[in-house]
Amino acid sequence: MLEFKNVTKQYRSGMFGTHLTKAVDDVSFCVGENERLGLLGESGCGKSTIAQLAMKLLKPSKGSIEYNGKNIKHMSRSEMKNYRKNVQIIFQNPQQVFNPRMKFRETISEPVRIYNLASSPEEEKKIISEHMEMFGLPEELFDRYPQEISGGQAQRIAIMRILMLKPEIIIADEPTTMLDVSVQAQILELLKEVMDKNNITLIFVSHDLDVVRAMCKRIMVIKDGQVVEQGSVDDIFDRPENEYTRMLVDSLKE
Ligand SMILES: Nc1ncnc2c1ncn2[C@@H]1O[C@H](COP(=O)(O)OP(=O)(O)OP(=O)(O)O)[C@@H](O)[C@H]1O
Ligand SMILES: [Mg+2]
């Protein structure tokens, strides 16, 4: 469904843009229907860059990203709209996606309108209140601004907004690292439930092997922008082949 083919992303930095950093280096992988893929690696290894490339927030320096066999670079406007609906991202900081000057009533109904998910105002109301209930969100949040709710509530709303679109793929980029420990487990549980119920493909980005292990079936280990090992969760955990992976696993078992 979504495939990275030898994707490299270089950033230019320095005063004259002469310094090149290879944030992602010749990365290839593929996710199919209903898969759970974990991207695991330490800070700065290129995980968020991969997520942003998939969202077309960044362009690859080399290689291609294909969705159902079509390079996302060559998509028409309507193909891109379809892609943008079907491939969604959950950020580390949920506040990042909200307009600080918009009350949640508007923020929540925005995707319903943009993608014509409801044929009448009544249907829009129904879709929204069903989802609010499913996510345990009280309707009093409608009249609040983003800065007036908790991190856990904000992440719930962010996930709910995405779910209303019925996407095929969700990329979660460290979705719980900014939340209180007590809320982290709840959000992960919610995410898992949502994925299972709706047959959504998940690409889960994390530096935490334990969390990836709980969320995913397959893991790709990344170091310095390169994939150093990939395999099933059990293989990676019980029989790591790469030295770096072994170090990650050992540190967790200690
Ligand atoms: N806009 C940019 N310009 C230059 N270099 C960048 C830019 N964004 C990221 N980088 C560099 O690219 C590399 C990969 O960054 P990226 O954000 O993808 O890492 P990450 O694995 O998501 O890290 P973290 O776990 O801390 O979120 C890092 O070395 C980073 O410093
Ligand atoms: Mg990151």
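Rules used in this analysis
- Residues numbered from 1 in each chain as written.
- Chains lettered and ligands numbered in written order.
- Predicted model: local features only at pLDDT ≥ 70, side-chain atom pairs only at ≥ 80, totals over all residues.
- Core = buried A, V, L, I, M, F, W, Y, C linked by C-beta atoms within 7 Å.
- Buried ≥ 20, exposed ≤ 12 C-beta atoms within 10 Å, placed from the backbone.
- Helix = DSSP H or I, 4+ residues; strand = E, 2+ residues; numbered from the N terminus.
- Contact = placed C-beta atoms within 7 Å.
- Pairing = 2+ DSSP bridges.
- Axes fitted to C-alpha atoms, helices over the stretch in contact; angles between N-to-C directions.
- Parallel < 35°, antiparallel > 145°, perpendicular 65-115°, else oblique.
- Nonpolar A, V, L, I, M, F, W, Y, C, P; charged D, E, K, R; others polar.

Notes on the nonpolar core
Logical step 1: The biggest cluster of nonpolar side chains holds 54 residues, and the ones touching the most others in it are Ile-171 and Ile-203.
Logical step 2: If you tally residues by element for this core, the top one is helix α5 (residues 151-163), at 6 residues.
Logical step 3: If sequence neighbours within four positions are ignored, Ile-171 has contacts with Ala-51, Ala-54, Met-55, Ile-89, Ile-203 and Val-205.

Concerning the sheet that holds strand β6 (residues 87-90)
Logical step 1: Strand order in the open sheet formed by 6 strands is β6-β7-β8-β3-β9-β10, and the pairing between neighbours is mixed. The open sheet is flanked by β6 and β10 (226-232), the only strands paired with a single partner. Each adjacent strand pair in this sheet contributes to an overall mean axis angle of 15 degrees, direction not counted.
Logical step 2: Two elements, strand β7 (residues 169-173) and strand β8 (residues 201-206), share 5 bridges in a ladder whose sense is parallel. Looking at the pairing, Ile-171 lines up with Ile-203 of β8.

A word on unusual backbone geometry
Logical step 1: The phi angle at Asn-6 is positive, at roughly 45 degrees, despite the residue not being glycine.
Logical step 2: Residue position: Asn-6 is located in strand β1 (residues 2-13).
Logical step 3: Positive phi is not limited to glycine here, since Asn-116 has a value of about 45 degrees.
Logical step 4: Within the secondary structure layout, Asn-116 lies in the loop between α3 (104-114) and α4 (121-134).
Logical step 5: On the neighbour-count criterion, Asn-116 (7 C-beta atoms within 10 Å) is exposed.

Some thoughts on the packing of α5 against helix α6 (residues 181-198)
A pair of packed helices can be characterised by two numbers: the angle between their axes and the separation between those axes.
Logical step 1: Packing of α5 against α6 brings their axes to within 10 Å, and their N-to-C directions diverge by 10 degrees. Judged on the interaxial angle alone, α6 and α5 are roughly parallel. Here Gly-151, Gly-152, Gln-155, Ile-159 and Leu-163 of α5 come into contact with α6, specifically with Val-183, Gln-186, Ile-187, Leu-190, Leu-191 and Val-194.
Logical step 2: Considering only residue class, the contact of α5 with α6 consists of 7 nonpolar, 4 polar and no charged.

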